[in-house]
Amino acid sequence: MKKFVRNVATKAVLVAVVFLVCSCRTGGGPERMYMKGKVKMEVTKEAFGKTGDGQDVDLYTLTNANGVRARIMTYGGTVLSLDVPDKKGRLGDVVLGYETLAEYIKDSPYFGCIVGRYGNRIGKGRFMLNGIAYSLAKNNGENHLHGGLKGFDKVVWAARPFTEAEAVGLRLSYLSKDGEEGYPGNLACTVTYTLTNNDELKVGYEAQTDKPTPVNLTQHSYFNLAGQGNGDILGHQLMLNAERFTPVDKGLTPTGELRSVKGTPMDFTRPTAIGARVNRKDEQLIFGGGYDHNWVLNKAGANEMTPAARVYEPKSGRVMEVLTTEPGIQFYCGNFLDGKNVGKGGKVYKHRYGFCLETQHFPDSPNKPMFPSTILNPGQKYQTETIYRFYTE
Ligand code: GLA
């Protein structure tokens, strides 16, 4: 009898341990499996808290027919989590982020957000446009970075969910007022996230203005295809469809040159581990503290949707492809992560635990007449699209 009780007790403990391990691994809830075409497509909504000034923030969960899931909140248009399958069909969260709104508001290095009105740096926070000098908020030494002190990552977007035959999505809009962070013109922006049954997360950006203004919108997800918090990203193999990049000065602002990647650690024309050359004593890598540069994408024609990047993580077998209509891509390998950000499931994000692939126009274009223009004029429509596609091999 005693033995029987002991056996039952041991089994109960075992079941509890297994359940706990599974819950911890996925950051809450038991492990979910990829089920091609077997899952109910849906978009659900829940309240996610309030900003400091009392605005309601909502969290939307997009689920495709395979169980791939993206959670997106209206604060910053931020992707909180993105569950995609590994080669064994286990769904795992591949983006860094927090569990609560308060943590995003307190201190986020742009985890998963929309960046605007201008992604990356505008040197010395100033530019001339049609003979008028504009000065912008400086939030990165003497430079303006990612839209300033209160960029599009720190505002609440209006949201409208939608369902299509083979996709679910969320349409976010925000009106950036004339003068916001120093920019001219009222800029009406829409960002549409679409999660397709091909396991793609598409991000469509649109904007219109009533005065000429620079615009350069992007998405700042930090990826780790081994699963968020599961080690550094140095073993990920990256390929970039680019033969040139835009070298930077010490302050990480482009010099204006388009330089060949040939024979340099910036050459990702063939799949190469991110960590293979990241610590080389190369001037550009020293300035960036690692990779934090814009690559000039090989384009068939301006504004054409073309492959930009491909990343493969050998342990999980996960692949992410990035396609875009944009001319450039910022590859940042999490050089500023230092273990102070504790994310979902208590995971500590240490140095280079995530990488970003921010599709964009080149940094500092308003001061670089030789770069493709980022100026949007009244009557014109800003329209770009980027696709993050996931599969395994
Ligand atoms: C971009 C910038 C980096 C850094 C990160 C966020 O990639 O180029 O310098 O600001 O965003 O920390």
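Look up: the structure comes first, before these words.
Below or above, wherever it landed, is the structure these notes cover. Just so it is clear, the structure is predicted and the values come from calculations on it, not from any experiment. (Residues numbered from 1 in each chain as written. Predicted model: local features only at pLDDT ≥ 70, side-chain atom pairs only at ≥ 80, totals over all residues. Heavy atoms only, no water.)

## Regarding the overall build of the chain
Heads up, the rule is: Labels follow the DSSP assignment, with helices taken as runs of H or I lasting at least four residues and strands as runs of E lasting at least two, numbered in each case from the N terminus. Taken over C-alpha atoms, the radius of gyration is set against a globule rule of 2.2 Å times the number of residues to the power 0.38. Only protein chains enter the calculation, and the probe is 1.4 Å; a residue is then buried if its accessible area is under 20% of its type maximum, exposed if over 50%, and partly exposed in between. Residues are treated as being in contact if the distance between any of their heavy atoms lies within 4.5 Å.
Along its length, the chain carries three helices and 29 strands. On C-alpha atoms alone, the chain measures out to a radius of gyration of 22 Å, which is about the 21 Å that the 2.2 N^0.38 rule sets for 393 residues. When the backbone C-alpha atoms are referred to their principal axes, the chain occupies close to 90 × 50 × 40 Å. Relative to its 393 residues, the chain shows a buried fraction of 55%. Considering only intrachain contacts with a sequence separation of at least 6, the fraction spanning at least 24 residues in the chain is 66%.

## Some thoughts on the site of the ligand
Our working definition: Nearness is defined per residue: one heavy atom within 4 Å of the molecule or strand is enough. Pairs of N or O atoms within 3.5 Å make up the polar contacts considered here, provided that, within protein, one atom can donate a hydrogen while the other can accept it, and that residues adjacent in sequence are counted only when both atoms are side-chain atoms. We call Asp, Glu, Lys and Arg charged. Ala, Val, Leu, Ile, Met, Phe, Trp, Tyr, Cys and Pro are nonpolar, and the rest, Gly among them, are polar.
Every residue near the ligand is listed here: Tyr110, Asn120, Arg121, Leu145, His146, His220, Tyr222, Asp292, Gln330, Tyr332, Phe336 and Glu358. At 2.5 Å, a side-chain N or O of Asp292 approaches an oxygen atom of the ligand. The contact in question runs from an oxygen atom of the ligand to an N or O atom on the side chain of Gln330, over 3.4 Å. Tallied by class, the residues present in the shell around the ligand amount to five nonpolar, four polar and three charged.

## Quick notes on the pairing of strand β13 (residues 187-196)
Selection criterion: A pair of strands is labelled paired if DSSP reports no fewer than 2 bridges between them.
Across the ten residues that make up β13, a large majority, nine, are buried. Where strand β12 (residues 167-176) lies against β13, ten bridges are found, and the strand directions are antiparallel. Counterpart to Leu175 in the pairing with β13 is Ala188. Judged from the nine bridges that link them, β13 and strand β14 (residues 200-209) form a sheet pairing that is antiparallel. Note that in β14 the partner of Tyr193 across the bridge is Val203. The hairpin formed by β13 and β14 contains three residues between the paired strands, and Asp199 there has a positive phi angle of roughly 60°.

## Some points on the nonpolar core
Burial of nonpolar side chains together is a common tendency in soluble globular proteins. As a reminder of what qualifies: In these notes, a set of buried Ala, Val, Leu, Ile, Met, Phe, Trp, Tyr and Cys residues joined through side-chain atoms within 4.5 Å is what counts as a nonpolar core.
Of all hydrophobic cores here, the largest spans 60 residues; its most connected members are Tyr291, Trp295, Met320, Phe331 and Leu357. Looking at this core, the element that brings in the most residues is β13, giving five residues. With residues up to four places along the chain from it excluded, the contact list for Phe331 reads Leu238, Leu240, Phe268, Ile274, Tyr291, Asp292, His293, Trp295, Phe355, Cys356 and Leu357. Counting residues in each nonpolar core, the second largest holds 18 residues, with Leu59, Leu80, Phe111 and Cys356 among its members.

## Remarks on the packing of aromatic side chains
Under the convention used in this document: Think of it this way: a Phe, Tyr or Trp ring, Trp meaning its six-membered ring, pairs with another when their centres are within 6.5 Å, and the plane angle makes it stacked under 30 degrees, edge-to-face over 60, tilted otherwise. Ring-over charges, as used throughout, are those where CZ of Arg or NZ of Lys falls within 6 Å of the ring centre and within 35 degrees of the ring normal.
The tally for this structure, following the rule as stated, stands at 21 aromatic pairs. Geometrically, the ring pair formed by Tyr291 and Trp295 is tilted, given 6.2 Å between the ring centres and 50° between the ring planes. Here the aromatic cluster, defined as three or more aromatic residues joined through ring pairs, consists of Tyr98, Tyr104, Phe111, Tyr222, Tyr332, Phe336 and Tyr349. Its end group placed over the ring of Phe268, Arg277 keeps NZ or CZ at 4.8 Å from the ring centre.

## Thoughts on the side chain of Thr386
With respect to the helices and strands, Thr386 occurs in strand β29 (residues 382-392). With a relative accessible area of 0%, Thr386 lands in the buried category. Reaching out from Thr386, the side chain makes a polar contact with the side chain of Thr324 at a distance of 2.9 Å. Apart from residues no more than four positions distant in its own chain, Thr386 is found in contact with Leu201, Lys202, Val203, Tyr205, Val322, Leu323, Thr324 and Thr359.

## Quick look at the environment of Leu175
Along the polypeptide, Leu175 turns up in strand β12. Taking the C-alpha atoms as reference points, Leu175 and Ala207, separated by 32 residues in sequence, lie 9.3 Å from one another.

## Brief notes about the sheet that holds strand β3 (residues 69-73)
Stated formally: To obtain each axis, a line is fitted to C-alpha atoms, and for helices this fit is confined to the stretch in contact; angles are then taken between N-to-C directions over 0 to 180 degrees.
Within the open sheet, the five strands sit side by side as β1-β2-β3-β4-β5. Their pairing is antiparallel. Both outer strands of the open sheet, β1 (42-50) and β5 (91-93), are each paired with one neighbouring strand and no more. Averaged over all pairs of adjacent strands, the angle between strand axes in this sheet comes to 15°, irrespective of strand direction. Of the pairings in the sheet, the one linking strand β2 (residues 56-63) to β3 comprises five bridges and is antiparallel in character. Residue pairing across strands places Leu59 opposite Met73, the latter belonging to β3.

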